[in-house]
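Residue-level structure breakdown
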Amino acid sequence: MFKIGVALLFIFFLEGSHKFYVSTSVIEYKEEEKTLQITSQIFIDDLELVLKKDDPSLRLAPDNRKELIDSLVNQYFEEKIKMQSNSKPLKLNYLGREYKNDIAVNYIEIDLEDTLEKIEIENKLLLEFFDDQKNIIHFKHKQTRKSFLLHKNNSYISLDL
């Protein structure tokens, strides 16, 4: 009986039944360059799930339709990540992505007109798919780094700089 229980437990872990849902975004404020540089990391299979709602034939790593995928990923980030400063929305400029192991590393930049005094960030990446999704944000400015854990019940932060 013990051998059967151990075998079932082993199979349970092999099946990948325990998966965690997390994205990590680093937002670096480059005051001299008047930009916010964003690197957002998402599991490839989770990003692929997002894209397949529009077109079930899409595949990532390697991409099977790069221009369409770029457009859809850009659109998704624009829908799910909202930022504003001084009550003005900030425009995301999606630069592209690369794959590292099972992670899609996405690069985004925001050009700023003014110096940031306060920034508001909403991150709803993947919240529509996974109830236990967590989105980690690391905000860097000069020598300061602040980290935040966002989720379904709290997807918004406000920072005074």
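The paragraphs below set out a description of the structure included in this document. (Residues numbered from 1 in each chain as written. Predicted model: local features only at pLDDT ≥ 70, side-chain atom pairs only at ≥ 80, totals over all residues. Heavy atoms only, no water.)

**Some words on the side chain of Asp55**
The line we're drawing: In this description a helix means any DSSP run of H or I spanning at least four residues, a strand means any run of E spanning at least two, and both kinds are numbered starting from the N terminus. Contacts are assigned to residue pairs with any non-hydrogen atoms lying within 4.5 Å of each other.
Counting through the fold element by element, Asp55 comes out in the loop between helix H2 (44–52) and helix H3 (66–80). Ignoring any residue separated from it by four or fewer positions in sequence, one finds Asp55 in contact with Arg65 and Leu68.

**Side note on the pattern of salt bridges**
Note the following rule: Any carboxyl oxygen of Asp or Glu within 4 Å of a side-chain nitrogen of Lys or Arg constitutes a salt bridge here. Exposed residues in this analysis have more than 50% of their type's maximum accessible area, buried residues have under 20%, and partly exposed residues fall in between, with area computed by a 1.4 Å probe over protein chains only.
Enumeration over the complete set of coordinates arrives at 13 salt bridges. In this structure, Arg97 and Asp70 form a salt bridge, with 2.5 Å as the shortest nitrogen-oxygen distance. Of this pair, Arg97 sits in strand S5 (residues 93–100) while Asp70 sits in helix H3, and the two are 27 residues apart along the sequence. Residue classification places Arg97 among the buried positions, given a relative accessible area of 15%. A salt bridge links Glu128 to Lys80; its shortest N-O distance comes to 3.8 Å. Pair noted here: Glu128 is in the loop between strand S7 (118–123) and strand S8 (134–141) and Lys80 is in helix H3, with a separation of 48 residues, a long-range link. Its relative accessible area of 18% is what places Lys80 among the buried residues. A single salt-bridge network, built from bridges that share partners, covers Asp63, Lys66, Asp70 and Arg97.

**Remarks on H3**
Side chains three or four residues apart in an α-helix point the same way, a direct result of the helix having 3.6 residues per turn. Cut-off, in case you're wondering: What a helix is expected to span follows from its residue count: subtract one and scale by 1.5 Å. Comment: arc refers to directions from the helix axis out to C-beta atoms.
Spanning 15 residues, H3 covers 21 Å between terminal C-alpha atoms, matching the ideal 21 Å at 1.5 Å per step. Along H3, the positions that sit buried rather than exposed are Ile69, Leu72, Val73, Tyr76, Phe77 and Lys80. End-on, the buried residues of H3 take up no more than an arc of 135 degrees, which puts them together on one face. Turning to H3, the residues buried within the fold contact strand S2 (35–43), H2, strand S3 (81–85), S5, strand S6 (103–111) and S7.

**Thoughts on the sheet that holds S7**
This is how the line gets drawn: A pair of strands is treated as paired once DSSP finds two or more bridges between them.
The four strands lie next to each other as S4-S3-S7-S10, forming an open sheet whose pairing is antiparallel. The open sheet terminates on both sides in strands that have one partner only, identified here as strand S4 (88–89) and strand S10 (156–160). Pairing between S7 and S10: five bridges, direction antiparallel. Bridge pairing links Glu120 to Ser158 in S10.

**What about unusual backbone geometry?**
The step from Ala61 to Pro62 runs through a cis peptide bond, and the omega angle for that step is 5 degrees. Tracing the chain through its elements places Pro62 in the loop between H2 and H3. The phi dihedral of Lys34 is positive, around 55 degrees, even though this residue is not glycine. In this structure Lys34 comes out as partly exposed when scored by relative accessible area, which is 39%. Phi is positive for Asn86, which is not a glycine, with a value near 50 degrees. Looking at the element boundaries, Asn86 is found in the loop between S3 and S4.

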